[in-house]
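# What the coordinates show
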Amino acid sequence: MTPHQHAEEELTAYGLSLPETALARGWSVTRNLRVRDRMFAIFGDKGQPLDNLTFIVKLPISFEMVQDLSFVLPSRGWYRQHQWAIAFFGADDDILAELPTLKAWLKQSYVAVAPKRLGRLV
């Protein structure tokens, strides 16, 4: 298992520990986490090797702040308009060092997308 696969597995487990979440297939080869059928995280991209990972989350609080991070790709169109950040980790990136940050982003995205009652539980 690559560090990228391990990170996705850990992030998925964390996301599934949040109230009323489920893992679902996304578009094409992507996987996503949902709360009450509303997507709050996307993993993967078309043709992505096992030692890469794309991670997309909604960050209404910290979207502008994260744009200067080396692993954040510029968001365009709908993603930018709705404050979804796109993190990309290549084979040489230490994704495991960023897990605490990515878990915080996952939580922020969950709270942004979940019904208010569920968001208050975390």
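Structure's up top.
We now turn to the structure provided with this report. (Residues numbered from 1 in each chain as written. Predicted model: local features only at pLDDT ≥ 70, side-chain atom pairs only at ≥ 80, totals over all residues. Heavy atoms only, no water.)

### A short note on the overall build of the chain
- For the chain, the count of helices and strands is five helices and six strands.
- Shown N-terminal to C-terminal, the secondary structure of the chain runs as helices and strands in the order α-β-β-β-β-α-β-α-β-α-α.
- Its C-alpha atoms give the chain a radius of gyration of 13 Å, near enough to 14 Å, the size a compact globule of 122 residues would have.
- Summarising its shape, the C-alpha atoms of the chain cover approximately 40 × 30 × 30 Å along the three principal directions.
- The 122 residues of the chain split such that 43% are buried.
- For the chain, long-range pairs separated by at least 24 residues make up 52% of all intrachain contacts whose partners lie at least 6 apart in sequence.
- Just so you have it, the chain exposes about 6,700 Å², and 54% of that area is on carbon and sulfur atoms. (Helix = DSSP H or I, 4+ residues; strand = E, 2+ residues; numbered from the N terminus. Rg over C-alpha atoms; globule rule 2.2 N^0.38 Å. Buried < 20%, exposed > 50% of the residue type's maximum accessible area, 1.4 Å probe, protein only. Contact = heavy atoms within 4.5 Å. Areas by Shrake-Rupley, 256 points an atom, 1.4 Å probe, with all protein chains shown as cover.)

### Examining the sheet that holds strand S4 (residues 53-58)
- Strand order across the open sheet formed by six strands is S1-S2-S3-S4-S6-S5, with antiparallel pairing between neighbours. Each of the sheet's edge strands pairs with one partner strand only, and the pair in question is strand S1 (21-25) and strand S5 (72-73).
- Bridge analysis of strand S3 (residues 38-43) against S4 gives three bridges, and the strand direction is antiparallel. Pairing of Phe 43 across the sheet is with Phe 55, part of S4.
- Sitting on the sheet, helix H4 (residues 99-113) is in contact with S1, strand S2 (31-35), S3, S4, S5 and strand S6 (84-89), with an inclination near 40 degrees to S4. (Pairing = 2+ DSSP bridges. Axes fitted to C-alpha atoms, helices over the stretch in contact; angles between N-to-C directions.)

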